[in-house]
Structures are given as structure tokens and as C-alpha cells.
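Architecture and fold: a report
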2 protein chains.
Amino acid sequence: MTFWKKFFDNTSMFDRFGNINVVSSLKEVILVKHLENRGKKVDIYLTTDKNINLYELEQLCDSVGWVRRPLKKIKAAIDHSFITVCLFYRTGEKKKLVGFARATSDTVFNATIWDVVVHPDFQRKGLGKILIDQVVLQLRGADITTITLFADPQVVSFYRNLGFVTDPDGVKGMFWYPR
Amino acid sequence: MTFWKKFFDNTSMFDRFGNINVVSSLKEVILVKHLENRGKKVDIYLTTDKNINLYELEQLCDSVGWVRRPLKKIKAAIDHSFITVCLFYRTGEKKKLVGFARATSDTVFNATIWDVVVHPDFQRKGLGKILIDQVVLQLRGADITTITLFADPQVVSFYRNLGFVTDPDGVKGMFWYPR
């Protein structure tokens, strides 16, 4: 049993990364952070359940100015992601989505993290770190060794602080462009 | 119907990229190149069929000095890849695998190309270009817009010649490393 596997056999709460806890089942929801938002106390929860309200996700992406994408395609992308992580808080009977990240993977060797987003009202409160730490923990728990992402310039240092390295041994991220 | 989609509705041979032809069905095998190997004429065929002999693939990876990986995991990685492309030639009743590439994807937005390999006896003959062009064509045919890869320093210019760009708008490829 590997170091990481061991964590996942333990269903208890877990705080190796400070506030973060490992979600050990797909449907589990865990409390990851107490915050204040506009003077009100807010408990932030995390889930890897893929049953995501697509309209809520669209609103979250709108809040950071992303170009809108067809919901049908977003649904397909979620279905074909190895993992999704959602952060939300409860307001009355409703949930409010405030963070999201997902990763594609071949399930055994390589993974790539995409679509990392935190609502502007909740940025600079450690939620991005919670999202990424959870994605990494889940991928490591599946023994996936190559965990990659493509970072915009303004978030390179954010990811560096979370253990990501740019261009290791000169390996370059590349994008295909139509000629 | 998009520009690319149109290609895939056409099952005839196709040479927009010189020697390359589009594989329009998963089981189709097409002739992509006439070569000479050690004085003998060799016809190179391409297929996107995922029914791959894992021992042959292992031998191919051995030939370029890659670290061996468990066949069971390689099988899982192939099963969970969006596309695989194989190049081979026929020798009597047998096939000899000489090239391979695969891509993971969320099936709609993003893809990442992994494990691009050409047997040393067949390098510098245009087979790498045939592999990558085919992967790109298939991904574009599925309307996937973000096609990425991570290139070792010695193959960055190879991929650049095929339309890939490093660090567009400062976007950096990053890898997670255990601390």
C-alpha cells in the first residue's frame, strides 16, 4: 500500500494541508473552511460528486468573465473528467457554488487539471489551494504520477506555491494552433 | 457542418498533409507511406483501432529506452485515451508496430497528447509527423479546440513545425512534484 493509498483507506477527517480534508467517497460532502462573506459567517463545503448544477457552474464561470460554453458540452466534459471538485456554501435550503476544478486523465499515468475557478467574492481566502490540493490528493490516491496543468501568467506563482514546477528539465507545454 | 467535420464524412483517401490520410472509422487501416528499411520496401499503415498488442507496444517503447510500465496499466491508459494512433508494417502474416501516439481528452474542449514514439529504425522518415497530424485531425474532427502536449527540449522544434506553440500568451505548462 502506498503512502497516498493509505490516506484513502482512512475515512476519518484529515488535515495534512491545514483546512483540507480528503473526500474518500464520490458522494461525500465535507466542511473545509469557515469564512466571513459580507459580514456573514459562511461554511464552505467540498464535494467530488459529479452531479453538478450546470446553471450554477455557468454563473460561477460568468463571475470570472469566462466565455460561455454550451451546457451540453460542459456536461460531456464533466462526464469525461477523471475528477471534479466543487466548493459551495449553504444558504437556507439552497447551495451556492463558489469554486470548481476538474482533471482529465488516462486513469493510471497522466492527468491534466482544467477549469479552476473561484468566485471573486471568495478569492484570496485559500479556496484555490483547497481545490487544487484536493485534486492532487485524489490523483495521487489513484497512483497517477504525472499531474499537469497550463497556468496563465498571473497564476503561475499560485501553482508554484502548491508544488507545481514550470518546464521541468526543459519540458515545454505546447498548444496547437490552426495555421 | 464545420470544415473539419466535412473531412470525416468523406471516407475516400485524402492527402491534405502530403502522405497522410484521414482514418474515418475506428477499425479502418490505411496506407500512409512507402519506405525502405535496410534495403527492403516497406509499406506503413495507420490505424486508430484500440485493439493493440501490448507486448508489441512494450517492445516499441523498449526500443526508445522508455522505462517499462505494467501492461495492465498501459491497457487502462489506452482504454481511457480519447484516441490512439498506431503505425505498422506487415511482414508475412504478422504486423510490426513502428509508431504510436495517444491523447486524453474530455471529449469536447481539451486534449493532451502523450506517449508519442517512433521506432529508431523508422525515425527521420516523416512518421512522427503522420502520427501527430492524424491525432490533431481526429481531435479537430471532434471539435476539440485546445490541443496540448508536453515536449522534451529535443522535440520542441519538431512540434513547432507541426503547428504547436510554446507558452502562448505566457501560459506555462506545469508539473506537480511531491515535496
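Structure's up top.
Residues numbered from 1 in each chain as written. Chains lettered and ligands numbered in written order. Predicted model: local features only at pLDDT ≥ 70, side-chain atom pairs only at ≥ 80, totals over all residues. Heavy atoms only, no water.

1. What to know about the environment of N110 of chain B
Our working definition: Segments assigned H or I by DSSP are reported as helices when at least four residues long, segments assigned E as strands when at least two residues long, and all are numbered from the N terminus. Throughout this description, buried means an accessible area under 20% of the type-specific maximum (1.4 Å probe, protein chains only), exposed means over 50%, and partly exposed covers the range between. The criterion used for residue contact is that any of the two residues' heavy atoms lie within 4.5 Å.
Secondary-structure assignment places N110 of chain B in strand β5 (residues 110–118). Look at N110 of chain B and you get buried, because its relative accessible area is 6%. A sequence separation of 59 residues divides N110 of chain B from N51 of chain B, and the C-alpha atoms of the two residues are 24 Å apart. Apart from the residues within four sequence positions on either side, N110 of chain B is in contact with R102 and W114 of chain A together with T104, S105, I144 and T146 of chain B.

2. A few points about the interface of chain B and chain A
Here is the rule: Buried area is calculated as the accessible area (1.4 Å probe) missing from two parts once they are joined, with the contributions of both summed. Any carboxyl oxygen of Asp or Glu within 4 Å of a side-chain nitrogen of Lys or Arg constitutes a salt bridge here. Throughout this description, a polar contact denotes any pair of N or O atoms lying within 3.5 Å of each other; where both atoms belong to protein, one of them has to be capable of donating a hydrogen while the other can accept it, and for residues adjacent in sequence the pair is counted only when both atoms sit in side chains. Under this grouping Gly is polar, as are all residues other than the nonpolar Ala, Val, Leu, Ile, Met, Phe, Trp, Tyr, Cys and Pro and the charged Asp, Glu, Lys and Arg. If DSSP finds at least two bridges between two strands, the strands pair.
The partner chain A presents 51 residues to the 51 residues of chain B that form the contact. Overall, the association of chain B and chain A removes approximately 4700 Å² of surface from exposure, summing both partners, and the carbon and sulfur fraction of that is 64%. Of all residues in chain B, F109, M174 and W176 of chain B give up the largest surface area on contact with chain A, accounting jointly for 19% of the area buried on that side. Along the contact surface separating chain B from chain A lie 4 salt bridges. In this structure, D167 of chain B engages K172 of chain A in a salt bridge whose closest nitrogen and oxygen atoms are separated by 2.7 Å. At the junction of chain B and chain A, the tally comes to 19 residue pairs in polar contact (both at pLDDT 80 or more). Of all the elements in the fold, those that place two or more residues in the side of chain B that touches chain A are α3 (71–79), β4 (94–105), β5, α4 (127–141), β6 (146–151), α5 (156–161), β7 (164–166) and β8 (172–176) of chain B. No other element matches β6 of chain B, which puts 6 residues into the side of chain B that touches chain A. Taken together, the residues of the side of chain B that touches chain A break down into 26 nonpolar, 13 polar and 12 charged. Sheet topology places strand β7 (residues 164–166) of chain A next to β8 of chain B; 3 bridges connect them, and they run antiparallel. Bridge pairing links F164 of chain A to W176 of chain B in β8 of chain B.

3. Describing the relation of the copies chain B and chain A
Test applied: For this overlay, a least-squares fit was computed on C-alpha atoms, restricted to residues scoring pLDDT of at least 70 in both copies.
For the match of chain B to chain A, the screw axis carries a shift of 0.0 Å, the RMSD comes to 0.0 Å, and the turn is 180 degrees. With respect to symmetry, the two chain copies, as superposed, fit the operation of a two-fold axis. In terms of C-alpha distance to the rotation axis, chain B has G173 of chain B as its closest residue, with the C-alpha 2.1 Å off the axis. Comparing interface residues between copies, 100% of those in chain B also lie at the interface in chain A; the contact surface is shared.

4. Re the sheet that holds strand β3 (residues 83–91) of chain A
What counts, and what does not: Axis definition: a line fitted to C-alpha atoms, over the contacting stretch in the case of helices. Angles run 0 to 180 degrees between N-to-C directions.
Read from one edge of the open sheet, 8 strands run β1(A)-β2(A)-β3(A)-β4(A)-β5(A)-β6(A)-β8(B)-β7(A), paired in mixed fashion. Since the sheet does not close on itself, it has two edges, and those belong to β1 (29–37) and β7 of chain A, each with one partner. On average, adjacent strands in this sheet sit at an angle of 30 degrees to one another, irrespective of strand direction. Relative to strand β2 (residues 40–47) of chain A, β1 of chain A is paired through 8 bridges, and the arrangement is antiparallel.

5. With respect to the pairing of β5 of chain B
All names here are of chain B. The cut-off we apply is this: Assignment of crossover handedness uses the view with strands pointing away from the viewer, where a clockwise path from the first strand over the helix to the second indicates a right-handed crossover.
A large share of β5 lies buried, amounting to 8 of its 9 residues. In this structure, β4 lies alongside β5, joined through 6 bridges in antiparallel fashion. Looking across to β5, one finds that R102 is bridged to W114. Counting the residues between successive antiparallel strands, the hairpin from β4 to β5 contains 4 residues, one of them, T107, with a positive phi of roughly 80 degrees. Where β5 meets β6, 4 bridges bridge the pair, whose relative direction is parallel. Bridge pairing in β6 links N110 to T146. Since β5 and β6 lie parallel, the crossover through α4 that links them has a hand, and here it is right-handed.

6. With respect to the packing of aromatic side chains
For clarity, the cut-off: Two rings from Phe, Tyr or Trp (for Trp, the six-membered ring) form a pair when their centres are within 6.5 Å of each other. A pair whose planes differ by under 30 degrees is stacked, one over 60 is edge-to-face, and the rest are tilted. Should the NZ of a Lys or the CZ of an Arg lie within 6 Å of a ring centre and within 35 degrees of the ring normal, that charge is described as sitting over the ring.
All chains considered together, the criterion is met by 13 aromatic pairs over all chains. Following the ring pairs from residue to residue traces out a cluster consisting of W114, F150 and F175 of chain A together with W114, F150 and F175 of chain B. A cation sits over an aromatic face here: R69 of chain A above F109 of chain B, 4.4 Å from the ring centre.

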